[in-house]
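Coordinate inspection notes
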Amino acid sequence: GAGVSQSPSNKVTEKGKDVELRCDPISGHTALYWYRQSLGQGLEFLIYFQGNSAPDKSGLPSDRFSAERTGGSVSTLTIQRTQQEDSAVYLCASSLVLRGTSGRVEQYFGPGTRLTVT
Amino acid sequence: SQKIEQNSEALNIQEGKTATLTCNYTNYSPAYLQWYRQDPGRGPVFLLLIRENEKEKRKERLKVTFDTTLKQSLFHITASQPADSATYLCALGGYSSASKIIFGSGTRLSIRP
């Protein structure tokens, strides 16, 4: 079946512009994560959506970052007034997490969006 | 705060030998631990999950141990091959479905022929 898809695959933007990154998770997956990965670094947690619960936004680095998940499926990560330090690969992952249990919690990652702020 | 540590230095292993990677954590009592493989330019791919009440898990040439007293997991690749060269990430998860999964920074493994 189809995996997690992300678009665009690459995005070059000028400092100060807003960008939107899109994630299409695997159909039926209840959990969706956004991570940021700088060159040669690990994954930095940004935000976690689980079903209809309020998202865990504890990883968002500033109020310039926001994310939505519409209809429990597609998610959009928005970065306003981009800065050069926002340059990184933004990864989305989805998993099937059943309420009250750990469920099948392995994450399936998309290919990422490489964001370059000039 | 919760912290996961993986050896930041690259690990270079001769083909055929066993590669052992370490994941240590502090200030956390995870329900499970996962290992992922990441190739350059791609997203991580899930390999193995081990739960807090399990000591060891195996899958083909892979073996994972989990010591909740030492707060450590070891990831072994036996009979290593150049195709095993990649970055390996460990990740921890909690008991609740509301718990987010947190990742270590990864260890780069190179298997030389």
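Described below are features of the structure shown in this document. What you are looking at is a predicted structure, and each value in this text was computed from that prediction instead of being measured.

Looking now at unusual backbone geometry. All names here are of chain A. Cis geometry marks the peptide bond from Ser 7 to Pro 8, where omega comes out at -10°. As for its placement among the helices and strands, Pro 8 is situated in the loop between β1 (5–7) and β2 (10–13). One non-glycine residue, Arg 81, adopts positive backbone phi at about 50°. Within the secondary structure layout, Arg 81 lies in the loop between β7 (75–79) and β8 (88–96).

Right, let's talk about the sheet that holds strand β8 (residues 72–77) of chain B for a bit. Residue and element names in this part refer to chain B. Spatial ordering of the open sheet is given by β1-β3-β8-β7-β6, a layout of 5 strands whose pairing is antiparallel. Both outer strands of the open sheet, β1 (3–6) and β6 (56–59), are each paired with one neighbouring strand and no more. Sheet twist, expressed as the average angle between the axes of neighbouring strands with direction ignored, equals 15°. The pairing of β6 with strand β7 (residues 62–67) spans 4 bridges and is classified as antiparallel. When the sheet's bridge partners are listed, Lys 59 is paired in β7 with Leu 62.

The next subject is the pattern of salt bridges. For the structure shown, the criterion picks out 8 salt bridges over all chains. With a closest N to O distance of 2.8 Å, Asp24(A) and Arg22(A) form a salt bridge. Relative accessible area serves as the criterion here: at 23%, Asp24(A) is assigned to the partly exposed category. Judged by relative accessible area, which is 38%, Arg22(A) ranks as partly exposed. Arg61(B) is paired through a salt bridge with Asp84(B); the nearest N and O atoms lie 2.9 Å apart. Here Arg61(B), found in the loop between β6 and β7, pairs with Asp84(B), found in the loop between β8 and β9 (86–93); they are 23 residues apart in sequence, far enough to count as distant. Accessibility expressed as a relative area gives 26% for Arg61(B), which makes it partly exposed. Given the relative accessible area of 8%, Asp84(B) is considered buried.

Cut-offs applied
Residues numbered from 1 in each chain as written. Chains lettered and ligands numbered in written order. Predicted model: local features only at pLDDT ≥ 70, side-chain atom pairs only at ≥ 80, totals over all residues. Heavy atoms only, no water. Helix = DSSP H or I, 4+ residues; strand = E, 2+ residues; numbered from the N terminus. Pairing = 2+ DSSP bridges. Axes fitted to C-alpha atoms, helices over the stretch in contact; angles between N-to-C directions. Salt bridge = Lys/Arg side-chain N within 4 Å of Asp/Glu carboxyl O. Buried < 20%, exposed > 50% of the residue type's maximum accessible area, 1.4 Å probe, protein only.

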